[in-house]
Amino acid sequence: MSGSSARDRIHQAIIDGDDKMVVGAVEEAIEAGVAPLSMINEILNPALKEVGDRFNKGDMYLPELILSAEAMEVAVKFLQPHLEAREERIEIPGKVAMATVQGDIHDIGKNIVCALLRANGFEVLDLGRDVPAATIVAKAEEFEADIIGLSALLSTTLPYCRDTMELLKEKGLEGRFKVFIGGGPVTPEFAEEIGAEYGGAHAEAGVTRMLRAQGRG
Ligand code: B12
């Protein structure tokens, strides 16, 4: 690309969560003839991965993570018409229906997961918070989701993750969706016990696992 400077600025803009800077640098790279898809794969994605790694290590805080994810979304949205014009397409890795379970109004973590998923190209249906299992399952079916993502922050609402799994079984939908669960009290052991694909308290790790489950990364 026209000097490595635009590349560096795109990278830095994602790290800084600077949506104005990212659009300027991306536009410059487009004018210099850089293919939009390679920009996503070779610059934007690695930058967001670095953000996720820094957040998990505690070197970056929540508001910064949200800004970075938003800058990524802005960049990808800006590139979309350019991708289409070049008949390149970001293949959507999958569709995810996300919800905070019944009785639980903690939604900050869920919102981060939604932002990270969108930044990674997933189509996301955000069902909100305090969502009963029956609604989650019905909406996931309607949306034709590949993955159901559940967030639970209270030990008293964790059992609703199990209820969702049981409802899926009852409706003969076992295996139709991969179920990922997250939030403070969620452990890998609990996830395994209820038959979920993943359980843990890390958004970035969860999204990486979702990508892998969809044959990416
Ligand atoms: C903010 C907060 C609130 C806010 C919520 C605002 C909101 N819009 O979310 C308010 C004030 C409303 C609130 C209320 C209550 N809270 Co509160 N709350 C918290 C607090 C301080 C932070 C939670 C948070 O947002 N963390 C930041 C986010 C980013 O972290 P996170 O949600 O864990 O998400 C991360 C991961 O878990 C993961 N993740 C989350 N979901 C998913 C899903 C998937 C699929 C994947 C892959 C990953 C993933 O990704 C995120 C980023 O890495 C915690 C304390 C704590 N340390 O967690 C208590 C805490 C969760 N609350 C607690 C309690 C008890 C309550 C109340 C019952 C208090 C009361 N007596 O009224 C009520 C319950 C309300 C209800 N019905 O839900 C307890 C829960 C204890 C327990 N184990 O049951 C905690 C742990 C505080 C404590 N130490 O006692 N709370």
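In this text the structure is predicted, and so the values were computed from the model without any measurement.

**Quick word on the overall build of the protein**
- Looking only at helices and strands, the protein has nine helices and five strands in total.
- Helices and strands appear in the protein in the N-to-C order α-α-α-α-β-α-β-α-β-α-β-α-β-α.
- The globule rule puts the C-alpha radius of gyration for 217 residues at 17 Å, and the 18 Å found for the protein is close to it.
- Referenced to the eigenvectors of the C-alpha coordinate spread, the extents of the protein come out at roughly 55 × 35 × 25 Å.
- Residues counted as buried form 44% of the 217 residues belonging to the protein.
- When contacts within the protein are restricted to residue pairs at least 6 apart in sequence, those whose partners lie at least 24 apart make up 71%.
- Surface accessibility of the protein: about 10,600 Å² in total, with carbon and sulfur atoms responsible for 49%.
- For the protein, the separation between the mean place of its 22 positive charges and that of its 36 negative charges on side chains is 2 Å.

**Comments concerning the pattern of salt bridges**
- Here the structure, examined in full by the defined rule, presents seven salt bridges.
- For R9, the salt bridge identified is with E28, shortest N-O distance 2.8 Å. A residue pair is termed long-range when its members are at least 10 positions apart, and R9 in helix α1 (residues 3–16) and E28 in helix α2 (residues 19–31) qualify at 19 residues.
- For E28, a relative accessible area of 28% corresponds to the partly exposed category.
- With its nearest N and O atoms 2.7 Å apart, the salt bridge here joins R54 to E50. On the criterion of helical spacing, the pair formed by R54 and E50 is a turn pair, its members being four residues apart in helix α3 (residues 36–57).
- What makes R54 partly exposed here is its relative accessible area of 33%.
- Taking the relative accessible area as the measure of exposure, E50 reaches 27% and is therefore partly exposed.

**Quick notes on the site of the ligand**
- Around the ligand, 25 residues are found, and the nearest of them are I105, H106, D107, S151 and S155.
- For the ligand, an oxygen atom lies 2.7 Å from a polar atom in the backbone of I105.
- In this structure, S151 approaches the ligand through a side-chain N or O atom, which is 2.7 Å from a nitrogen atom.
- If you list the elements that add at least two residues to the shell around the ligand, you get α5 (108–119), β3 (147–151), β4 (178–182) and α9 (203–213).
- The element contributing the most residues to the shell around the ligand is α5, with four residues.
- Residue composition of the shell around the ligand, grouped by class: 13 nonpolar, nine polar and three charged.

Analysis parameters
- Think of each chain on its own: its residues are numbered from 1, step by step along the sequence as written.
- Totals for whole chains, interfaces and linings use every residue, but because this is a predicted model, local features are given only for residues with pLDDT of at least 70 and side-chain atom pairs only at 80 or more, for both listing and counting.
- Side-chain metrics rest on all non-hydrogen atoms present in the structure, leaving aside hydrogens and water.
- What counts as a helix is a DSSP run of H or I of at least four residues, what counts as a strand is a run of E of at least two, and both are numbered from the N terminus.
- For the radius of gyration, the atom set is restricted to C-alpha positions; the globular benchmark scales as 2.2 Å times the number of residues to the power 0.38.
- Note on classification: 1.4 Å probe, protein chains only; a residue is buried when its accessible area is under 20% of the maximum for its type, exposed when over 50%, partly exposed between these limits.
- Here, residues are in contact when the closest pair of their heavy atoms is within 4.5 Å.
- For the area figures, the Shrake-Rupley method with a 1.4 Å probe applies, and any residue is considered shielded solely by the protein chains shown.
- In this tally, Asp and Glu contribute negative charge and Lys and Arg positive charge; neither His nor the terminal groups of the chain are included.
- All charge positions are set by atom: Lys at NZ, Arg at CZ, Asp at CG, Glu at CD.
- We count a salt bridge whenever a side-chain nitrogen from Lys or Arg sits within 4 Å of a carboxyl oxygen from Asp or Glu.
- Note on terminology: near, applied to a residue and a molecule or strand, indicates that one of the residue's heavy atoms is within 4 Å of it.
- Throughout this description, a polar contact denotes any pair of N or O atoms lying within 3.5 Å of each other; where both atoms belong to protein, one of them has to be capable of donating a hydrogen while the other can accept it, and for residues adjacent in sequence the pair is counted only when both atoms sit in side chains.
- Ten residues, namely Ala, Val, Leu, Ile, Met, Phe, Trp, Tyr, Cys and Pro, are considered nonpolar, four, namely Asp, Glu, Lys and Arg, are considered charged, and the remaining ones, Gly among them, are considered polar.

What is shown is where atoms sit, not what they do.
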